[in-house]
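# Chains, contacts and geometry: an overview
Here's the letter readout for the chains.
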Amino acid sequence: MTGEITLRGNILPVGGIREKVLAARRSGIKTILLPNANRKNIGEIQPELRKSLRFVFVGHIEEVFAAALAAPIAAEPPRVRSSIAVAELAEAVLEPV
């Protein structure tokens, strides 16, 4: 998300959408939040590039939070290593035969 927010939480339009989208794509970003007022600027972006990206248009800061802080769609569960499992493994490896 790039741009300006009013004190009441409204999202204002920004310039340079094409350049910002290209920079985001180069960085590996696949979901881009843009102000509703910049919806018309999507035509500046090549169709093949548009197909590889997900655009979310927002008008208020609450929409930004909902989109930006949502859980990833196909997130891999975090790997947790407990100290007990590590200790048991160490005992098994270090145990005399």
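All figures in this text were calculated on a predicted structure; none of them were measured in a lab.

## Observations regarding the packing of aromatic side chains
On inspection of all chains with the given rule, the structure shows one aromatic pair. Geometrically, the ring pair formed by F55 and F57 is stacked, given 6.5 Å between the ring centres and 20° between the ring planes. Assigned by exposure class, F55 and F57 land together as buried. Cation over ring: R39 sits above F57, and NZ or CZ is 4.1 Å from the ring centre.

## Considerations on the side chain of N38
Along the chain, the position of N38 falls in the loop between strand 3 (31-35) and helix 2 (47-51). Relative accessible area serves as the criterion here: at 2%, N38 is assigned to the buried category. Here V14 takes part through its backbone oxygen, which lies 2.7 Å from a polar atom of the side chain of N38.

## Points about the nonpolar core
Taken as a class, soluble globular proteins show a tendency for nonpolar side chains to be buried jointly. Core analysis: the largest hydrophobic core is formed by twelve residues, namely V14, I17, V21, A24, I32, L34, I42, I45, L49, L53, F55 and F57. For this core, the secondary-structure elements that each account for two or more residues are helix 1 (17-26), strand 3 and strand 4 (54-58). Among the elements that make up this core, the one with the highest residue count is helix 1 (three residues). Excluding residues that lie within four positions of it along the chain, I42 makes contacts with L34, R50, F55 and F57. Core analysis: the next-biggest nonpolar cluster, separate from the first, contains six residues, I11, V56, V58 and V64 among them.

## Observations concerning helix 1
Listed as buried for helix 1 are I17, V21 and A24. An end-on view of helix 1 places all buried positions within 65° of arc, on one side of the element. Of the surrounding elements, those touching the buried residues of helix 1 are strand 3, helix 2 and strand 4. Positive backbone phi, at 90°, marks G28, one or two positions downstream of helix 1.

Calculation notes
- Residues numbered from 1 in each chain as written.
- Predicted model: local features only at pLDDT ≥ 70, side-chain atom pairs only at ≥ 80, totals over all residues.
- Heavy atoms only, no water.
- Phe/Tyr/Trp six-rings, centres within 6.5 Å; stacked < 30°, edge-to-face > 60°.
- Buried < 20%, exposed > 50% of the residue type's maximum accessible area, 1.4 Å probe, protein only.
- Lys NZ or Arg CZ within 6 Å of the ring centre and 35° of its normal.
- Helix = DSSP H or I, 4+ residues; strand = E, 2+ residues; numbered from the N terminus.
- Polar contact = N/O pair within 3.5 Å; in protein donor to acceptor, adjacent residues only side chain to side chain.
- Core = buried A, V, L, I, M, F, W, Y, C linked by side-chain atoms within 4.5 Å.
- Contact = heavy atoms within 4.5 Å.
- Arc of directions from axis to C-beta.

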